Amino acid sequence: MMAGGASAVGYETFSHEADIGVRGCGPDLASAFAQAALALTAAITEPAAVAAAVAVDIDCCAPDPELLLVDWLNRLIYEMATRGLVFGRFEVAIDGDRLRGRAWGEPVDPPRHQPAVEAKGATFTELRVAREADGRWVAQCVVDV
Amino acid sequence: MAMQLAPERVSEVEWRIPAQGRMRVPAVIYASEALVRALDAKVYEQLVGVASLPGIVGAAYAMPDAHWGYGFPIGDVAGFDPEAGGVVSAGGVGFDISCGVRTLTTGLPRAAVESRLDALADALFHAIPAGLGSTGAVVLDDAAMDAMLAGGACWAVDQGFGTAADLERIEAQGCIAGARPDLVSARAKLRQRAELGTLGSGNHYLEVQEVAELYDAATSAAFGLVPGAVVVSIHCGSRGLGHQIGTEFLRAMVVAAPGYGIALPDRELACAPLNSPLGRDYLGAMRAAINCALANRQLVTQLARRAFAKVLPEARLELVYDVSHNTCQEEVHQIEGRERRLFVHRKGATRAFGPGHPELPAAYRPWGQPVLIGGSMGTGSYVLAGMAESERRALASACHGAGRSMSRNQAARRWGGRLVVDELARRGIRVRGHSLRGVAEEAPGAYKDVAAVVAAAEAAGLARRVARLVPLACIKG
């Protein structure tokens, strides 16, 4: 979970009445995005319990970092839905308006993963991508589940 | 000057935030004092946002089960006039387009089911794909996908899933006009390819219920509900197709809004003019998703019928009604004495036509539209009937469920799934689910008091209570 300091890396889910918020933090934008993806998985299942058996490459482009976060999470949701996967590890590189990422995961196994919800889509609610006063980056939004 | 977001009390069950600042119309909340006190302040902010959108007519309405959503609150009703610059909002419909409830009678009393209830719960759990990653038995190729998106439950019946009699008891007779499968993206179709006939997860369910209490014997009889009878309620939506359409159009509307001259107070309110290419495209795709949801509930119904046939072959599952509670529908309403054609967003709200409405099946016309209210696993559900006053109160709308009172995080921290299953079992309610954590997040204590919600809806003139249903068995994703 989250810790303080400019070098802190971490993720958490946060409360929303109907749905669930996902938040990632890191020393740079890309690591905050990777952590936000872990928070998305945490809304569904325990990320540490997901094996890195297959990798999926993701490439997206958006006019601003907030839209890029929504696109990144929505692509992960789409890949999970169409491939029947859950992801437990992420790598992200961001260059200007372009994100190139890789997600590692495995086919969802309900008895083992105990998936609590199905993510429907990332929303613009509580959407925030920003550098905090302490220097770390935060990337968050509410996900409809 | 700061906005005054605390609502003014108008009556026992009506509250109002006067139009101010950027608001074009007031916000109206139908709820008891206790329900209003429990509302998250974010609901007021979201209502004010909705009330500020171009072309909104009357007010931004919140139903008694309203809670904090994304963009529009859950439990919101808002009508827009295309001739007055009105808009359509993908976030105002929600990702789970046409999520809804259908209730079926079984023709059996509880006594005939009681001894077979465990076997029935197991058979239903086995027959109906539910939960993350589940797939349906019907995999659609491109042509079948388009036919399903154009035909809805009518397509499903044509394919042998149910009978023509089912269609009479579905909103729009099972198929909404104006669907444009060609405007549904390849990604949305791929996401749906193997998801038809699946329940989903989260708050979706299939419940076997007993009619526990009647509030109006004549209307109950017209709806086929008798005391002690066993019924089945199914709560699910348009599955991956709707989710993807919502995702894509929400983004497109965020990007396009400035070009349409729409200043969004928050991007979550993204919308497009009804009379714009993007607005029209969304309506066409959204209607295809409504048909997808109607087909999906029809397939799940047929799976439930097969499961019943194995365990209780004497059961006859017949529809009471099928209502959607995440839609934008084109309707004619009386506004200040004149008819206006509006596009009514109901997000977590149910259409509730009063007696005599021409869209109702003839058998229901004297009584008003059945309004199906899903409660929590423990507390039960309600069947209401639309009231004449609802037209003037909230564009003929009512609540849709209990509404959450606690976040998923809080619920999961507070209750273990096993605890919830065991506690419900002690009360005679069988729960079958793929995820104990999912059950914990849906614990009855995480929801508002559904009895208070429907009492407020009735007192406000939105819909009146007809029958209360209590759960006997619940199938969760």
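Presented here is an overview of the structure given in this document. What you see is a predicted model, and the numbers here were worked out from it, not measured in a lab.

## Let's talk about helix 2 (residues 41-51) of chain B
All names here are of chain B.
- Among the 11 residues of helix 2, 8 are classified as buried, and the element is accordingly described as predominantly covered.
- The complete set of buried residues in helix 2 reads Val43, Tyr44, Gln46, Leu47, Val48, Gly49, Val50 and Ala51.
- If you follow the buried residues of helix 2, they end up packed against strand 2 (14-17), strand 3 (27-30), helix 1 (33-37), strand 4 (56-70) and strand 5 (72-80).
- Between the side-chain oxygen at the start of helix 2 and the backbone nitrogen of lysine 42 there is a gap of 2.9 Å, and the oxygen is on aspartate 40.

## Overview of the interface of chain A and chain B
- Between chain A and chain B, the residue contacts involve 44 residues of the former and 45 residues of the latter.
- Carbon and sulfur atoms make up 53% of the surface buried where chain A meets chain B, a total of about 3700 Å² over both sides.
- Applying the counting rule to chain A against chain B returns 6 salt bridges.
- Its salt-bridge partner being lysine 42 of chain B, residue glutamate 126 of chain A comes within 3.0 Å of it at the nearest N-O pair.
- Every element with two or more residues in the side of chain A that touches chain B is listed here: strand 1 (10-15), helix 1 (29-44), helix 2 (65-83) and strand 6 (121-122) of chain A.
- Of the residues in the side of chain A that touches chain B, the class split is 24 nonpolar, 10 polar and 10 charged.

## Quick look at the pattern of salt bridges
Residues and elements named next belong to chain B.
- If you walk through the whole model with that rule in mind, you get 50 salt bridges over all chains.
- The partner of glutamate 331 in a salt bridge is arginine 351, with the nearest N and O atoms 2.9 Å apart. Placement of glutamate 331 in strand 12 (residues 326-335) and of arginine 351 in strand 14 (residues 350-351) is noted, with a sequence separation of 20 residues between them. Each member of the pair, glutamate 331 as well as arginine 351, is classed as buried.
- Among the salt bridges present, the one from glutamate 442 reaches arginine 404, with a minimum N-O distance of 3.4 Å. Of the two residues, glutamate 442 sits in the loop between helix 15 (436-441) and helix 16 (450-459) while arginine 404 sits in the loop between strand 17 (397-398) and helix 13 (408-414), which places them 38 residues apart along the sequence.
- In this structure, a network of salt bridges that share partners links the residues Arg404, Arg408, Arg437, Glu441, Glu442 and Lys476.

## Topic: empty space enclosed by the protein
Residue and element names in this part refer to chain B.
- For the structure on display, the rule yields 5 cavities of 30 Å³ or more.
- Its boundaries defined by the atoms lining it, the largest cavity holds a volume of some 500 Å³.
- As for the largest cavity, its lining consists of 36 residues, of which His67, Ile74, Asn203, His235 and His400 are closest to the centre.
- Breaking the lining of the largest cavity down by element, the ones donating at least two residues are strand 4, strand 8 (205-214) and strand 19 (463-476).
- Each residue belonging to the lining of the largest cavity can be placed in one class, and the counts come to 12 nonpolar, 14 polar and 10 charged.
- Quantified by volume, the second largest cavity comes out at close to 60 Å³.
- Taken together, Glu171, Ala172, Ile176, Ile290, Leu294, Ser324, Thr327, Gln329 and Arg351 make up the full set of residues lining the second largest cavity.
- Listed by contribution, the elements that provide at least two residues to the lining of the second largest cavity are helix 11 (277-311) and strand 12.
- Tallied by class, residues from the lining of the second largest cavity come to 4 nonpolar, 3 polar and 2 charged.

## Topic: the side chain of glutamate 79 of chain A
- Among the structural elements, glutamate 79 of chain A can be located in helix 2.
- Leave out the neighbours within four places in its chain, and glutamate 79 of chain A touches Val56, Ile58, Gly84 and Phe87 of chain A.

## Points about the sheet that holds strand 5 (residues 98-107) of chain A
Residue and element names in this part refer to chain A.
- Here we have 3 strands laid out as an open sheet, ordered 3-5-4, and antiparallel in their pairing. At either end of the open sheet lies a strand with only one pairing partner, and these are strand 3 (54-61) and strand 4 (85-95). Recorded for the sheet is a direction-independent mean angle of 20° between the axes of neighbouring strands.
- The pairing of strand 3 with strand 5 spans 8 bridges and is classified as antiparallel.

## Topic: the sheet that holds strand 2 of chain B
All names here are of chain B.
- Taken in spatial order, the 7 strands make up an open sheet running 1-2-3-4-5-13-12, and their pairing is mixed. Among the strands making up the open sheet, the edge pair consists of strand 1 (8-11) and strand 12. The mean inter-strand angle of the sheet, taken between neighbouring strand axes irrespective of direction, is 30°.
- Relative to the sheet, helix 2 contacts strand 2, strand 3, strand 4 and strand 5, its axis offset from that of strand 4 by approximately 155°.

## A look at the side chain of serine 381 of chain B
Residue and element names in this part refer to chain B.
- Summarising the element assignment, serine 381 is placed in strand 16 (residues 381-386).
- By relative accessible area, which is 2% here, serine 381 ends up buried.
- When neighbours within four sequence positions are excluded, serine 381 is seen to be in contact with Tyr205, Glu207, Gln209, Ile373, Gly374, Gly375, Ala467, Arg468 and Leu469.

## Some thoughts on the environment of methionine 286 of chain B
Residues and elements named next belong to chain B.
- Counting through the fold element by element, methionine 286 comes out in helix 11.
- Judged by its relative accessible area of 0%, methionine 286 falls in the buried class.
- Setting aside residues no more than four positions away along its own chain, methionine 286 makes contact with Val93, Ile97 and Cys328.

## Digging into the packing of aromatic side chains
- A full pass over the atoms with the stated rule returns 8 aromatic pairs over all chains.
- On the basis of an interplanar angle of 50° and a centroid distance of 5.3 Å, the ring pair of tyrosine 70 of chain B and phenylalanine 95 of chain B is categorised as tilted. Of the two residues, tyrosine 70 of chain B is situated in strand 4 and phenylalanine 95 of chain B in the loop between helix 3 (90-93) and strand 7 (100-109); the sequence distance between them amounts to 25 residues. Just as tyrosine 70 of chain B is buried, phenylalanine 95 of chain B falls in that class too.
- Centroid distance phenylalanine 223 of chain B to tyrosine 364 of chain B: 4.9 Å. Interplanar angle 70°. Geometry classified as edge-to-face. Highlighted residues: phenylalanine 223 of chain B in helix 9 (residues 217-223) and tyrosine 364 of chain B in the loop between strand 14 and strand 15 (370-373), separated in sequence by 141 residues. Pair check on accessibility: phenylalanine 223 of chain B and tyrosine 364 of chain B agree, each one buried.
- Here the basic side chain of arginine 187 of chain B rests over the ring of tyrosine 78 of chain A, its NZ or CZ set 5.2 Å away from the ring centre.

Cut-offs applied
- Residues numbered from 1 in each chain as written.
- Chains lettered and ligands numbered in written order.
- Predicted model: local features only at pLDDT ≥ 70, side-chain atom pairs only at ≥ 80, totals over all residues.
- Heavy atoms only, no water.
- Buried < 20%, exposed > 50% of the residue type's maximum accessible area, 1.4 Å probe, protein only.
- Helix = DSSP H or I, 4+ residues; strand = E, 2+ residues; numbered from the N terminus.
- Contact = heavy atoms within 4.5 Å.
- Polar contact = N/O pair within 3.5 Å; in protein donor to acceptor, adjacent residues only side chain to side chain.
- Buried area = accessible area lost by both parts, 1.4 Å probe.
- Salt bridge = Lys/Arg side-chain N within 4 Å of Asp/Glu carboxyl O.
- Nonpolar A, V, L, I, M, F, W, Y, C, P; charged D, E, K, R; others polar.
- 1 Å grid on protein atoms, 1.4 Å probe; cavity = no way out; pocket = protein on both sides within 12 Å on 5 of 7 lines; lining within 4 Å.
- Points joined across faces, edges and corners; volume = space filled by probe spheres on them.
- Pairing = 2+ DSSP bridges.
- Axes fitted to C-alpha atoms, helices over the stretch in contact; angles between N-to-C directions.
- Phe/Tyr/Trp six-rings, centres within 6.5 Å; stacked < 30°, edge-to-face > 60°.
- Lys NZ or Arg CZ within 6 Å of the ring centre and 35° of its normal.

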